[in-house]
Amino acid sequence: MAITFNEKTKVFSMHTKNSTWQMQVSKYGHLLHLYYGRKISEGELSYLVRGINRGFSGTPYEAGEDRAYSLDTYPQEYSAFGVGDYREACLCVEHEDGSRAAELLFDSCEICQGKYMLSGLPAVWADKGEAETLKILLKDKASGVEVTLLYGVFEEYDVITRACRIRNGGETEVWLERALSACLDIQRDDLEMITFYGRHTMERLIERGKCRHGKIVADSLRGSSSHQQNPFVILCETGAGEEWGECYGMSLVYSGSFLAVAEVDQLNQTRFVMGIHPQGFRWKLKAGEEFTAPEVIFSFGGSGYGDLSRNLHRLYREHLTRGKYRDKRRPVLLNNWEATEFHFTEEQLLSLAADAKELGVELFVMDDGWFGGRNHDRCGLGDWRANPKKLPKGVKGLAEKIHQLGMEFGIWIEPEMINEDSDLFRTHPDWCLTAPGRTPNRERGQLVLDMSRPEARDYLFDSIGKILRKAKVDYVKWDMNRSLSDVWSGACSAMRQGEIGHRYVLGVYELMERFVSCFPDILWEGCSGGGGRFDAGMLYYMPQIWCSDNTDAIERISIQYGTSFGYPVSSIGAHVSVSPNLQTGRTMPLATRGIVAMAGAFGYELDVRKLNCRERELIREQIRWYKQYQELMLYGDYYRLTKTEENQDFAAWQFVSRNQKLSLASAVCLHARSNPLFGRIRLKGLKEDAWYQVRRERLTDEPGMESEEQEVTMCPGGGLMHAGVNLPVFEKDYESVRFVVEMMEC
Ligand code: GLA
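Residues numbered from 1 in each chain as written. Predicted model: local features only at pLDDT ≥ 70, side-chain atom pairs only at ≥ 80, totals over all residues. Heavy atoms only, no water.

Undergrad: Any details on the sheet that holds strand E6 (residues 105-113)? Residues and values, ideally.
TA: One open sheet holds the nine strands; their spatial order is E6-E7-E8-E9-E20-E16-E15-E12-E13, and the pairing between them is antiparallel. Unpaired on one side and paired on the other, E6 and strand E13 (202-210) mark the two borders of the sheet. Direction aside, neighbouring strands of the sheet carry axes that sit 20° apart on average. Packing of helix H9 (residues 553-566) onto the sheet brings it into contact with strand E12 (191-199), E13 and strand E15 (232-237), and relative to E13 it is tilted by some 60°. (Pairing = 2+ DSSP bridges. Helix = DSSP H or I, 4+ residues; strand = E, 2+ residues; numbered from the N terminus. Axes fitted to C-alpha atoms, helices over the stretch in contact; angles between N-to-C directions. Contact = heavy atoms within 4.5 Å.)

Undergrad: Requested: an account of the packing of aromatic side chains, with residues and values cited.
TA: With the rule as written, the count across this model stands at 40 aromatic pairs. Each ring, one from Tyr 305 and one from Phe 565, has its centre 5.3 Å from the other, and the planes form 55°; the classification is tilted. Of this pair, Tyr 305 sits in helix H1 (residues 305-319) while Phe 565 sits in helix H9, placing them 260 residues apart in sequence. Given a relative accessible area of 1%, Tyr 305 falls into the buried group. Phe 565 sits in the buried class, given a relative accessible area of 0%. Chaining the aromatic ring pairs together yields one cluster made of Phe 196, Phe 232, Tyr 305, Tyr 316, Phe 534, Tyr 561, Phe 565 and Tyr 567. Here the basic side chain of Lys 390 rests over the ring of Phe 344, its NZ or CZ set 4.9 Å away from the ring centre. Lying over the aromatic face of Phe 565, Arg 640 brings its terminal NZ or CZ to 3.6 Å of the ring centre. (Phe/Tyr/Trp six-rings, centres within 6.5 Å; stacked < 30°, edge-to-face > 60°. Buried < 20%, exposed > 50% of the residue type's maximum accessible area, 1.4 Å probe, protein only. Lys NZ or Arg CZ within 6 Å of the ring centre and 35° of its normal.)

Undergrad: Let's hear about the site of the ligand: which residues, and what values?
TA: The environment of the ligand is formed by 13 residues, the closest being Asp 367, Asp 368, Lys 477, Gly 530 and Asp 549. Take Gly 530: an N or O atom from its main chain is 2.9 Å from an oxygen atom of the ligand. A distance of 2.4 Å separates an oxygen atom of the ligand from a polar atom in the side chain of Asp 549. For the ligand, whose accessible area on its own is 310 Å², the fraction buried by protein is 96%. Split by residue class, the shell around the ligand holds four nonpolar, three polar and six charged. (Near = heavy atom within 4 Å. Polar contact = N/O pair within 3.5 Å; in protein donor to acceptor, adjacent residues only side chain to side chain. Areas by Shrake-Rupley, 256 points an atom, 1.4 Å probe, with all protein chains shown as cover. Nonpolar A, V, L, I, M, F, W, Y, C, P; charged D, E, K, R; others polar.)

Undergrad: Tell me about the pattern of salt bridges, and name the residues and values.
TA: Side-chain pairs of opposite charge can arise whenever the charged atoms involved come near each other. Taken as a whole, this structure holds 71 salt bridges when the rule is applied. With its nearest N and O atoms 2.8 Å apart, the salt bridge here joins Asp 367 to Lys 477. A residue pair is termed long-range when its members are at least 10 positions apart, and Asp 367 in the loop between strand E22 (363-366) and helix H4 (394-404) and Lys 477 in strand E26 (residues 475-478) qualify at 110 residues. Here the two residues Asp 367 and Lys 477 agree in accessibility, since each one is buried. (Salt bridge = Lys/Arg side-chain N within 4 Å of Asp/Glu carboxyl O.)

Undergrad: Give me the pairing of strand E10 (residues 174-179): which residues, what numbers.
TA: In terms of residue burial, E10 counts as a mostly covered element, since six of its six residues are buried. The sheet contact formed by strand E5 (residues 91-94) and E10 spans four bridges and is antiparallel. Counterpart to Leu 91 in the pairing with E10 is Ala 179.

Undergrad: Provide a residue-level description of the nonpolar core, including the pertinent values.
TA: Judged by nonpolar contacts, the single largest core of 211 residues is most densely connected at Ile 166, Trp 370 and Ile 411. The element that contributes the greatest number of residues to this core is helix H11 (residues 613-635), accounting for 10 residues. Discounting chain neighbours no more than four positions away, the residues touching Ile 166 are Tyr 78, Leu 91, Val 145, Glu 146, Val 147, Leu 176, Ala 179, Leu 285, Glu 289, Glu 290 and Phe 291. Within the second largest apolar cluster, 24 residues are counted, among which are Phe 650, Ala 652, Cys 715 and Val 737. (Core = buried A, V, L, I, M, F, W, Y, C linked by side-chain atoms within 4.5 Å.)

Read these as spatial facts, not as claims about activity.
Following this line, the structure appears as structure tokens:
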């Protein structure tokens, strides 16, 4: 049993392969957190919780003169506002009389096989036998408000998931002003918080800071998980790295505004909370109604964040993503966006596709611009029917022609948005988010469709669904190109407007669920101006997400590096684009652009018709190579070999097959030096004593250097991991090299 409850001591223990979580019902009925960390197979850690009478830290009434007992200093499993815990609260309930309080006391518990699921929300899933669930019911006696804490234990993955349901078990209505998902009170003060910040075209850069008295916050108020901060954070002991140090990873399975706070309190204890952002949030619960707070995935790594990432990668691949493409190879695609933007004809698309086919591309994707009057970004969104001037025989006509070429076919959509210059807006001006008496904030010339309205969702499902039913579409890119503002819905009463932000997200999930279940053969790719909604919630519906609108391979190294901390390679949409790059003007070898994009769901995004013979040859070779090693790269173990935030000379990463027989390592020169130092990388994840053959292939697309330089070495895994392998002396910026590492038969 991964979960146990000791009736006598009232201690709950949850064990994974390498971690333990313990909590205890206190003598007064509060659920106290005891421990989360390295595995402790036996024993209960109740002794860790201590108290003394401290000024300005009060005592619950029922504790009488036991003044050492304070909710303000004792570690809580789920913190609530208004009853003497002054640290960050998960729950704040406003009652009908205007009071704000909830004293959550233990009522009952249940342990069962399998994994709980959350209605209307994405969550990690498991079959019976693959996980266990613990449900703990807490009650606020005075109001009847009930909180059910949910825990899912995935032993093999070192993962414990949490979520909660809040039910109004009283007779009068209540308002939730805060309904965060989880709290973790760690009794230590040596932690650092790693967050992933950024901006459009520069997402998920890594930042690290010491948790100190007061609070560190990572959050989004944009209505989506955002480019600016990602809903995945790591708390680690000071100095932790890839292979050393205790780390806690927390990932919110949610795509809307979120809050993550790490707070060090007066006793140097660290509290971490995570969930839906309370700002702008207010949810009414009538008697008997229930609210579900989204899931947080907790993962503990005792030896650095490398293992932590790999555990999450496996969990996401095997228990978060669903559908046909969960562990299937993905077709190599060509997307027309950077080649044509909005300006294309069917003929041009066909010539692009035919050329791409000839190079080995398997899927042609028609991006933005094919519907309504969409010739620029100020019109057309909402009018989900083909523009006959561009597609005379509709999407169906083009799809047939692409299939005749022997390729699969995909389209771009942006269902959640609306342009004022669209028939949809002219017919339903009230279907967008705008506050009465105000002019709305525009972004990219568009407004946001009110996804909390079922009729708007039905319209989207019908109009887009009609196209998907009529034409054979194998892939859909679901985009979302702005942040939410003016969050006000005409379909909802004034008192309930605080629900709209979350109802929007629930609406998006409901629509996505309808699409993915009705069209299970389609490969869905998420997108939000690149990686503005790259979160675990989206991965429940779509196995891959376009990682960034920045396609510069050198910049992508940092973006993909940061993304890899919380998300698997198989989820990272990555394309080879033109050089000089359209966003940065940087010139990079095609070989390097390829090697970087291959650390992801791979494709091309450039006008292939303009390539010269050498480039065409290289692309054919790239695609052949990718197909050969795709499974290893998408589904193998991923290792970061350098720190992009520190190493300015080169970046390197590695894939290792689960049986450790095959591995690939790639390195890119970021900065060539005039009097260069010797570079070396230490490989990871190999078998210590097994002998490997290492083929080093230096990649180039220089004219006249047709043959790749190759060097072959043989060495046991131990040598390759502890001493490392030599990088070539790079002569130019952005050169790259790869190592094919194969276990030798004895
Ligand atoms: C967003 C996407 C791009 C492209 C454009 C089309 O920016 O991230 O890849 O699809 O929209 O408008």
